[in-house]
Structure formats: structure tokens, C-alpha cells
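Chain by chain, the residues:
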Amino acid sequence: MAERMGGKECMAILRKVGISRDEFSKMMGIKRSTMRTCVHGNRISYKMERKLRELNGEKVVEEEIAEVDAMIEEAKKPKVVVKEEAGVARMAKVYAIPQNKFLRLIEFRDGTHGKVRCKPGKYYIGDQIRVRGEDRGLWEIV
């Protein structure tokens, strides 16, 4: 025999679906006070439990459909591949300023990271910098 649903599970499903206790009691054809007593006393009837599981299942299916639609839309978008030339200079974006005010942490378009030395107060988070030549993990501003 399966475990009975408790009041906390019932309320969690109702919140997830977006239905109040009063609305659910009207759907089930019972009084509001009876619904409140059932929820707080952990006496959810089999009929109510079946309806809650049905509502929860519909919500899960809707979420899965929305998730699949989002993945399809993402797959339809043309992919833009940015190739950086193997030359001297590369573009990077400042993503952090460490405690050392002469350093900036940078991220390249391909997702790799590095450090660059600069004057204090020169570059801020989000700034694009052109850098070249890595020397022991430290890049140089062009």
C-alpha cells in the first residue's frame, strides 16, 4: 500500500500549481473549513490525493514542454564562432579586480583566463582590453 499524502505535501503541490486551499475545496466540492481541517490534520482523502497528483503531473508536464521548447529555440539559433587570429594581439574582458591594484583578471572569448598588469584605476570590470604575449601567466597590454 502506498504512503498517504500529508498536509505539507498537499500545500506544497497547491503552491506549486498556484491554487489556494479555498479554490481546491470548491473543485472537490467540500467546505473551506473541512479542507483546512483535512490539510492541518494530515487527513487527505484518496479522492483529494488523486486530484492533487493529477494537478502536480499536469504542472510537471507543462514545465517539461516549456523546457523542450526553449531547447528547440536555442538549437534553431545560428551559432556564431569567433576565431581569433593566431597573431600577436588578443581581445580580453576584465572580469575581476584583485586586491593588488596593479593587476586585472581577464577572460578571453574562448573562455580561458589570465592576468594583466596595468596602472591603478585604469581598467574596470567589463572593459575590453587588447593584450599580447603571455610571460609566466602575465599578459601585456597592447
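The structure presented is a predicted model; accordingly, all values stated were derived computationally and were not measured.

Rules and cut-offs
Residues numbered from 1 in each chain as written. Predicted model: local features only at pLDDT ≥ 70, side-chain atom pairs only at ≥ 80, totals over all residues. Heavy atoms only, no water. Core = buried A, V, L, I, M, F, W, Y, C linked by side-chain atoms within 4.5 Å. Buried < 20%, exposed > 50% of the residue type's maximum accessible area, 1.4 Å probe, protein only. Helix = DSSP H or I, 4+ residues; strand = E, 2+ residues; numbered from the N terminus. Contact = heavy atoms within 4.5 Å. Axes fitted to C-alpha atoms, helices over the stretch in contact; angles between N-to-C directions. Parallel < 35°, antiparallel > 145°, perpendicular 65-115°, else oblique. Salt bridge = Lys/Arg side-chain N within 4 Å of Asp/Glu carboxyl O. Arc of directions from axis to C-beta. Phe/Tyr/Trp six-rings, centres within 6.5 Å; stacked < 30°, edge-to-face > 60°. Lys NZ or Arg CZ within 6 Å of the ring centre and 35° of its normal. Pairing = 2+ DSSP bridges. Patch = residues over 30% accessible without salt bridge, like charges linked within 9 Å, V, L, I, M, F, W, Y side chains within 5 Å. Areas by Shrake-Rupley, 256 points an atom, 1.4 Å probe, with all protein chains shown as cover. Lys, Arg positive; Asp, Glu negative; His and termini not counted. Charge placed at Lys NZ, Arg CZ, Asp CG, Glu CD.

### Quick look at the nonpolar core
Moving on, step 1. Core analysis: the largest hydrophobic core is formed by 15 residues, its most contacted members being Cys10, Leu14, Phe24, Met35, Met48 and Leu52.
Moving on, step 2. Those elements giving two or more residues to this core turn out to be α1 (7–17), α2 (21–28), α3 (32–40) and α4 (46–76).
Moving on, step 3. Ranked by residue count, the leading element in this core is α1, at four residues.
Moving on, step 4. Not counting chain neighbours up to four residues away, the residues in contact with Met48 comprise Phe24, Met28, Ile30, Met35 and Cys38.

### A look at the packing of α2 against α3
Moving on, step 1. Where α2 contacts α3, the axes come no closer than 9 Å and their chain directions differ by 110°. Comparing their axes, α3 and α2 come out roughly perpendicular. Note on element contacts: α3 touches α2 through Arg32, Met35, Arg36, Val39 and His40, opposite Arg21, Asp22, Phe24 and Ser25.

### Some thoughts on the pattern of salt bridges
Moving on, step 1. Tallied over the entire structure, the rule returns five salt bridges.
Moving on, step 2. Asp110 serves as the salt-bridge partner of Arg90, at 3.1 Å between the closest nitrogen and oxygen. Of this pair, Arg90 sits in strand β1 (residues 89–96) while Asp110 sits in the loop between β2 (103–108) and β3 (113–117); the two residues are 20 residues apart in sequence, bridging distant segments of the chain.
Moving on, step 3. Residue class for Arg90 comes out buried when judged on its relative accessible area of 19%.
Moving on, step 4. In this structure Asp110 comes out as exposed when scored by relative accessible area, which is 51%.
Moving on, step 5. Counted as one network, the salt bridges with shared partners bring together Arg4, Glu49 and Arg53.

### Some thoughts on α3
Moving on, step 1. Among all positions in α3, only Met35, Cys38 and Val39 are buried. With its buried residues spanning 95° around the axis, α3 presents them on a single face.
Moving on, step 2. Lining the buried residues of α3 we find α1, α2 and α4.
Moving on, step 3. Once α3 finishes, Asn42 follows within two positions and takes phi at roughly 55°, a positive value.

### Things to note about the packing of aromatic side chains
Moving on, step 1. For the structure shown, the criterion picks out one aromatic pair.
Moving on, step 2. We note Arg4 situated over the ring of Tyr46; from NZ or CZ to the ring centre the distance is 4.1 Å.

### Comments concerning the sheet that holds strand β5 (residues 138–141)
Moving on, step 1. Pairing within the closed barrel is mixed, and its five strands lie in the order β1-β2-β3-β5-β4. Across the sheet, the mean angle separating the axes of adjacent strands is 55° when strand polarity is ignored.
Moving on, step 2. Across two bridges, the pairing between β3 and β5 is parallel. Its bridge partner being in β5, Val116 is matched across the sheet by Trp139.

### Looking at a negative patch on the surface
Moving on, step 1. A cluster of like negative charges, contributed by Glu58, Glu62, Glu63, Glu64 and Glu67, occupies part of the molecular surface.
Moving on, step 2. With respect to the element layout, Glu62 can be found in helix α4.
Moving on, step 3. Judged by relative accessible area, Glu62 falls into the partly exposed class, the value being 49%.

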